[in-house]
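# Residue-level structural notes
Here's the letter readout for the chains.
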Amino acid sequence: MQLLQLLVGRERYRYWCGGTVRKDKLAVFAEKMSKRYPLTRNARQRSYDRKRGLACVQLLVRPAVGDNVQWWLVSTSGKGGLADPVSPDAQVARHADSKAGHVVVDDYVLMYATKPLVPYKCKDGDSGVVGEPQSPERGAAHEKPSQTSTWTWKLRGDAVTALQAAVEEECARLAFGTEGASAWGLRGLLAAQRHRPLFSGVRNQVLELHRFARKQWARRRDSWLHLHPGMAERYGDAAGQLPSLKVTLTQQLPLMVRMKVYDAPPASLRSLCTSTQDE
């Protein structure tokens, strides 16, 4: 997911197609794709191709779970790529920034997420007055707007709807639950969401799900306390309380950092094809 985000976003491999192939057919499939597209070009050669108006194409393969492997072919614009009308796969290629062309992996969709614009903050050097001018005068100290848009993974809309329904069900059952190894109920459900890959889009959605859960549970908490008087006596006001959003944000949702994509030593597509043939 991280590599797809990097290629589609920063590296502008916006055209793509994908699917699944049996792992014992992966070597044949990779050979077929390498004859269609310049998959074996190294980074320096791809940079040279871009300057000449040629497309860069890369094949990504997800390690097999079961009998099939999932694959994505991503391409920049230019001659010889998926955007080329004469490309063998031009009819099935999609643009990652189009409404119907987003890259999807399981519950996640890769999108160009737009955030509210953060305006300029300008402090006049003489008066010290802080304002938000459209064009700060010369000599005034000002801060540039923060990044307002980014390529990020988000949960699909139907996945969010299903999670909200699950929260409502746990609340209706008064299943406050627990976290940890024997997690169950509402708390277990929320804890599981915090273990998702916390790209910025997913992180925000998980936090919003916690906000939704707090509102739903607040309506049921008194009923839960009535059923568990011992818990109310033991823990007082903390009994049956979900953590505040501040605690969730600062203590339970660590920031996602860029991780090393490759194994050590790195596994190449060639080695993956070889291993599937050996099986």
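Our structure's up above, just so we're on the same page.
Residues numbered from 1 in each chain as written. Predicted model: local features only at pLDDT ≥ 70, side-chain atom pairs only at ≥ 80, totals over all residues. Heavy atoms only, no water.

## Considering the sheet that holds strand S4 (residues 94-95)
The antiparallel open sheet is built from four strands, whose spatial order is S2-S3-S1-S4. Both edges of this open sheet fall to strand S2 (57-62) and S4, since each of them pairs with a single strand only. Sheet topology note: the S2/strand S3 (residues 68-75) ladder contains six bridges and is antiparallel. Looking at S3, one finds that leucine 60 is bridged to tryptophan 72. (Pairing = 2+ DSSP bridges. Helix = DSSP H or I, 4+ residues; strand = E, 2+ residues; numbered from the N terminus.)

## Comments concerning unusual backbone geometry
Backbone geometry places aspartate 106, a non-glycine residue, at a positive phi of 55°. Looking at the secondary structure, you find aspartate 106 in the loop between strand S5 (103-105) and strand S6 (108-114). The partly exposed category is assigned to aspartate 106, whose relative accessible area is 43%. Backbone geometry places leucine 174, a non-glycine residue, at a positive phi of 55°. Here leucine 174 is to be found in the loop between helix H4 (157-172) and helix H5 (185-193). (Buried < 20%, exposed > 50% of the residue type's maximum accessible area, 1.4 Å probe, protein only.)

## Considerations on empty space enclosed by the protein
What the rule picks out here adds up to two cavities of 30 Å³ or more. Put simply, the largest cavity is a space of about 50 Å³. Leu155, Val160, Leu163, Gln193, Arg196, Gln205, Val206 and Leu209 are the residues that line the largest cavity. Elements supplying a minimum of two residues to the lining of the largest cavity: H4 and helix H6 (200-218). Residue contributions to the lining of the largest cavity peak at three residues, all from H6. In the lining of the largest cavity, the residues fall into five nonpolar, two polar and one charged. (1 Å grid on protein atoms, 1.4 Å probe; cavity = no way out; pocket = protein on both sides within 12 Å on 5 of 7 lines; lining within 4 Å. Points joined across faces, edges and corners; volume = space filled by probe spheres on them. Nonpolar A, V, L, I, M, F, W, Y, C, P; charged D, E, K, R; others polar.)

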